[in-house]
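# Overview (structure and organization)
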Amino acid sequence: MFIVLVESGSFTLAAKKLNMPKSKLSRHLVQLEKQLSTQLLIRTTRSQELTQSGQLLYQKSKPHIEVLSKVEEEVGSLINEPKGQLNIVLPIEFFSRIISELITDFAKQYPKINLTCGHYSGAIPEINHTTDLTFVLHETPLTASHWIGKTLLSFPQSLFASSDYDVSKLSKPEHLINESCILSNPQEQWLFRDKNTLQAVPIDSRIVLPSPEMRLEAMQRGLGIVKLPDYTCQSNNKIKKVKLAKDPVAQQLSVLYQSRSIPLKTRAFLDFFQNNIGRLS
């Protein structure tokens, strides 16, 4: 009940999920706090916040609850489908028609899973306990954390320009420093691989656009050079690749989750995603 209360964010929602009166849930929380001799939750009229003890209890007990839930779901899966609320977060760069089709197909295949899909832009978001899966696009290794990380796929990247953009003087990555370029964020550097070393090139942004579709459109209209995964530019005869002495670093797709023992609903999505992500390429 404590785990449900924390993840629901309110007594009203938690009581509804647990199918019990709020007063009964409140009494159970008081009993738990008395048993542990510490306050777990700070309540106001508008919000609830975990104390340090509450945060510790949640973090340490959640993996065990998940294991028990997984056993329950696996037993139930003998006669039932995976079910429950599933929260995933994707980078806004990964929002595309193909990903939308993939998620829609999953929702049709698993009608008893309630799927909530959020997005973020820029750096890796601060992961909270209500998120089941966080997908990350990155070019350098992820920083160490207590989350479990798994790399799913690698996407080759290239530099692209409109067919009438003059790239005749470009042969090395450093030639891009004074070039008009289109970036996904203002502080972006472009990384190029030279055997086992990386070369970082600071880029002067002509325009900053978070969406790859927007960057592609701006490039096609002659606003500058853009770096994009190759799959986003397939069969486009309005653009050309900018070939340099070194190739851009490939983009990695990784997924982060809280525990190695993940619920059946989460495993169902992860397996489905891995089996179908090849649609992009």
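Here, every reference points to the structure presented above.
Presented here is an overview of the structure given in this document.

Another aspect to go through is the overall build of the protein chain. Looking only at helices and strands, the protein chain has seven helices and 15 strands in total. In terms of overall size, the protein chain is more extended than a compact globule, its C-alpha atoms giving a radius of gyration of 23 Å where 281 residues would be expected to give roughly 19 Å. The dimensions of the protein chain, computed from C-alpha atoms along their principal axes, are 75 × 40 × 35 Å. Within the protein chain, the proportion of its 281 residues that are buried is 41%. A sequence separation of at least 24 residues applies to 73% of the contacts in the protein chain between residues at least 6 apart. Of the charged side chains in the protein chain, 33 are positive and 26 negative; the average position of the first set lies 5 Å away from that of the second.

Looking now at the packing of helix H5 (residues 97-109) against helix H7 (residues 264-276). Direction vectors running N to C along H5 and H7 enclose 135 degrees, while the axes themselves pass 11 Å from each other. Our classification of the angle between H5 and H7 gives oblique. The interaxial crossing formed by H5 with H7 has right-handed handedness. Across the interface between the two elements, Ile99, Leu102, Asp105, Phe106 and Gln109 from H5 touch Lys265, Ala268, Phe269, Phe272, Phe273 and Asn276 from H7. Of the residues in the contact of H5 with H7, the class split is seven nonpolar, two polar and two charged.

Another point: the packing of aromatic side chains. According to the stated counting rule, one finds seven aromatic pairs in the structure shown. Taking 4.9 Å as the distance between ring centres and 35 degrees as the angle between the ring planes, the aromatic pair formed by Phe106 and Tyr110 counts as tilted. Judged by relative accessible area, which is 17%, Tyr110 ranks as buried. Relative to Phe273, the ring of Phe135 has its centre 4.6 Å away and its plane inclined at 40 degrees; by these criteria the two rings are tilted. Of the two residues, Phe135 sits in strand E5 (residues 133-138) while Phe273 sits in helix H7, which places them 138 residues apart along the sequence. The pair formed by Phe135 and Phe273 is uniform in burial state, with each residue classed as buried. Ring pairs connect the aromatic residues Phe106, Tyr110, Phe135, Phe269, Phe272 and Phe273, which therefore count as one cluster.

The volume enclosed by the largest pocket comes to roughly 1100 Å³. What lines the largest pocket is a set of 37 residues, and nearest its centre among them are Val4, Glu7, Ser69, Glu73 and Lys265. Only helix H1 (2-8), helix H2 (11-18), helix H4 (52-76), strand E3 (84-91) and H7 provide two or more residues apiece to the lining of the largest pocket. In terms of residues, the lining of the largest pocket owes the most to one element, H4, which gives nine residues. When the residues that make up the lining of the largest pocket are grouped by side-chain class, the tally is twelve nonpolar, 15 polar and ten charged.

Before going further, it helps to spend a moment on unusual backbone geometry. Not every positive phi belongs to a glycine, and Ser37 is a case in point at roughly 60 degrees. Phi is positive for Lys195, which is not a glycine, with a value near 55 degrees. Position of Lys195 among the secondary structure elements: in the loop between strand E9 (189-194) and strand E10 (197-202).

A few words now on the sheet that holds E9. Overall, antiparallel pairing links the three strands, which are arranged E10-E9-E14 in an open sheet. The sheet terminates laterally at E10 and strand E14 (247-248), the two strands that pair on one side only.

A separate point is helix H6 (residues 212-220). Quick reminder: α-helices carry 3.6 residues per turn. Residues three or four places apart thus point the same way. Within H6, burial applies to Pro212, Arg215, Leu216, Ala218 and Met219. Down the axis of H6, the buried side of the element spans an arc of 165 degrees, and every buried residue falls inside it. Lining the buried residues of H6 we find strand E7 (157-162), strand E8 (181-183), strand E12 (225-229) and strand E13 (239-242). Immediately beyond the C-terminal end of H6, within one or two residues, lies Gly222, with a positive phi of roughly 85 degrees.

This part is about the environment of Ser235. Relative to the helices and strands, Ser235 is located in the loop between E12 and E13. Ser235 sits in the exposed class, given a relative accessible area of 82%. Sequence separation of Ser235 and Ser37 is 198 residues, and the distance between their C-alpha atoms is 65 Å.

Attention shifts here to the packing of H2 against helix H3 (residues 22-36). Geometrically, a packed helix pair is captured by the angle between its two axes and the distance between the axes. Viewed as axis vectors pointing N to C, H2 and H3 meet at an angle of 100 degrees, and their least axial separation amounts to 9 Å. As judged from the angle between their axes, H2 and H3 are roughly perpendicular. Contacts between H2 and H3 pair Phe11, Thr12, Ala14, Ala15 and Leu18 from the former with Lys22, Leu25, Ser26 and Leu29 from the latter.

Here is what the cut-offs are and how they apply
Residues numbered from 1 in each chain as written. Predicted model: local features only at pLDDT ≥ 70, side-chain atom pairs only at ≥ 80, totals over all residues. Heavy atoms only, no water. Helix = DSSP H or I, 4+ residues; strand = E, 2+ residues; numbered from the N terminus. Rg over C-alpha atoms; globule rule 2.2 N^0.38 Å. Buried < 20%, exposed > 50% of the residue type's maximum accessible area, 1.4 Å probe, protein only. Contact = heavy atoms within 4.5 Å. Lys, Arg positive; Asp, Glu negative; His and termini not counted. Charge placed at Lys NZ, Arg CZ, Asp CG, Glu CD. Axes fitted to C-alpha atoms, helices over the stretch in contact; angles between N-to-C directions. Parallel < 35°, antiparallel > 145°, perpendicular 65-115°, else oblique. Left-handed = near helix turned anticlockwise from the far one by under 90°. Nonpolar A, V, L, I, M, F, W, Y, C, P; charged D, E, K, R; others polar. Phe/Tyr/Trp six-rings, centres within 6.5 Å; stacked < 30°, edge-to-face > 60°. 1 Å grid on protein atoms, 1.4 Å probe; cavity = no way out; pocket = protein on both sides within 12 Å on 5 of 7 lines; lining within 4 Å. Points joined across faces, edges and corners; volume = space filled by probe spheres on them. Pairing = 2+ DSSP bridges. Arc of directions from axis to C-beta.

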